[in-house]
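Here are the chains, one letter per residue:
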Amino acid sequence: MCGIVGYIGKNKASDIILSGLAKLEYRGYDSCGIFFYDELSDKFVTYKDKGRVSHLVNDFDYSAMNHLAIGHTRWATHGRPNQENSHPHFSRSHRFGLVHNGVIENYRELVATYLENVTFASETDTEVIVNLIDHFAQELAVDAAIRKTLSLLEGSYALLIVDTHDPARIYAAKSKSPLL
Ligand code: GLU
């Protein structure tokens, strides 16, 4: 069982995410990752890898000021435990990033119907979700693109989604998987 954590607020987001991920370690996981918004440089930063939360904490730089972050501990269901398959995952345009707990059962059908021309960076079912959001956001407002995507998913999910065009908001959604 993996876990996801998101934070947006007054405190340093990366600190809150890393301590949240450490609290979720008891659930078991093979990889972990974090995605945060570096406000001074106006850049999004991603660290992710196979292995322990202590690796994420000790081997990367969190000196940047940040008040929005999402994080993930992964229990691989689709694709090996490795860096490419670790979350967060991104849409092909890199506009959207997300973390996912759960399994999307119809991801192959969704690729065949909507995403045939997309080259995926991972072996995960998760990457399909974030690319569907990007696909529908070409025509729809972001919340409508997310709702449209959710309406097509079969399986289980807890999701945290970040639109890099709007670094003051985290979208959350769940079905079957728990989300607090
Ligand atoms: N199905 C996704 C994957 O294999 C999420 C697994 C999880 O819940 O950690 O990456």
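Going by the structure above, here's the rest.
### Concerning the site of the ligand
Then, in step 1: Near the ligand there are 14 residues, and of these Arg-74, Thr-77, His-87, Gly-102 and Asp-125 occur at the shortest range.
Then, in step 2: Within the backbone of Trp-75, one N or O atom sits 2.9 Å away from an oxygen atom of the ligand.
Then, in step 3: Between the ligand and His-87 there is a distance of 2.7 Å, counted from an oxygen atom to a side-chain nitrogen or oxygen.
Then, in step 4: Its free accessible area being 300 Å², the ligand has 98% of it covered by the protein chains.
Then, in step 5: Most atoms of the ligand, that is more than half of them, are within 2 Å of grid points of the second largest pocket.
Then, in step 6: For the shell around the ligand, the secondary-structure elements that each account for two or more residues are strand S4 (68-74) and strand S6 (96-104).
Then, in step 7: The element contributing the most residues to the shell around the ligand is S6, with three residues.
Then, in step 8: Grouping the amino acids of the shell around the ligand by side-chain chemistry returns three nonpolar, nine polar and two charged.

### Quick notes on the side chain of Asp-134
Then, in step 1: Within the secondary structure, Asp-134 is located in helix H4 (residues 126-137).
Then, in step 2: No salt bridge is formed by the buried Asp-134; its nearest oppositely charged neighbour, Arg-92, is found at 5.3 Å.
Then, in step 3: The contact partners of Asp-134, leaving out residues within four places of it in the chain, are Ser-91, Ser-93, Arg-95 and Phe-96.

### A few points about unusual backbone geometry
Then, in step 1: Cis geometry is adopted by the peptide bond preceding Pro-88, which originates at His-87 and carries an omega value of 10°.
Then, in step 2: Tracing the chain through its elements places Pro-88 in the loop between S4 and strand S5 (89-90).
Then, in step 3: The backbone of Asp-42 shows a phi angle near 55°, a positive value even though the residue is not glycine.
Then, in step 4: By secondary structure assignment, the location of Asp-42 is in the loop between strand S2 (31-38) and strand S3 (43-50).

### Regarding the nonpolar core
Taken as a class, soluble globular proteins show a tendency for nonpolar side chains to be buried jointly.
Then, in step 1: Within the largest apolar cluster, 25 residues are counted, with the highest numbers of intra-cluster contacts made by Leu-153 and Ile-161.
Then, in step 2: Listing elements by their share of this core, those giving two or more residues are S6, helix H3 (107-114), H4, helix H5 (142-152), strand S7 (155-163) and strand S8 (171-175).
Then, in step 3: For this core, the element with the highest residue contribution is H4, accounting for seven residues.
Then, in step 4: Excluding its chain neighbours within four sequence positions, the residues that come into contact with Ile-161 are Phe-96, Gly-97, Leu-98, Ile-133, Ile-146, Arg-169, Ile-170 and Tyr-171.
Then, in step 5: Judged by nonpolar contacts, the second largest core, of 18 residues, contains Val-5, Ile-34, Val-45 and Leu-56.

### With respect to the sheet that holds strand S1 (residues 3-8)
Pairing between sheet strands relies on hydrogen bonds along the backbone, with the strands arranged either parallel or antiparallel.
Then, in step 1: Strand order in this open sheet of four strands is S1-S4-S2-S3, and the pairing throughout is antiparallel. The open sheet has two free edges, formed respectively by S1 and S3, since each of these has just one partner strand. Looking at each pair of strands side by side, their axes are set apart by 5° on average, direction ignored.
Then, in step 2: Of the pairings in the sheet, the one linking S1 to S4 comprises six bridges and is antiparallel in character. Across the sheet, the residue bridging to Gly-6 is Ile-70, located in S4.
Then, in step 3: Running over the sheet, helix H1 (residues 13-23) touches S1, S2 and S4 and is turned about 20° from S4.

Thresholds applied
- Residues numbered from 1 in each chain as written.
- Predicted model: local features only at pLDDT ≥ 70, side-chain atom pairs only at ≥ 80, totals over all residues.
- Heavy atoms only, no water.
- Near = heavy atom within 4 Å.
- Polar contact = N/O pair within 3.5 Å; in protein donor to acceptor, adjacent residues only side chain to side chain.
- Areas by Shrake-Rupley, 256 points an atom, 1.4 Å probe, with all protein chains shown as cover.
- 1 Å grid on protein atoms, 1.4 Å probe; cavity = no way out; pocket = protein on both sides within 12 Å on 5 of 7 lines; lining within 4 Å.
- Sits in = over half its atoms within 2 Å of the grid points.
- Helix = DSSP H or I, 4+ residues; strand = E, 2+ residues; numbered from the N terminus.
- Nonpolar A, V, L, I, M, F, W, Y, C, P; charged D, E, K, R; others polar.
- Buried < 20%, exposed > 50% of the residue type's maximum accessible area, 1.4 Å probe, protein only.
- Lys, Arg positive; Asp, Glu negative; His and termini not counted.
- Salt bridge = Lys/Arg side-chain N within 4 Å of Asp/Glu carboxyl O.
- Contact = heavy atoms within 4.5 Å.
- Core = buried A, V, L, I, M, F, W, Y, C linked by side-chain atoms within 4.5 Å.
- Pairing = 2+ DSSP bridges.
- Axes fitted to C-alpha atoms, helices over the stretch in contact; angles between N-to-C directions.

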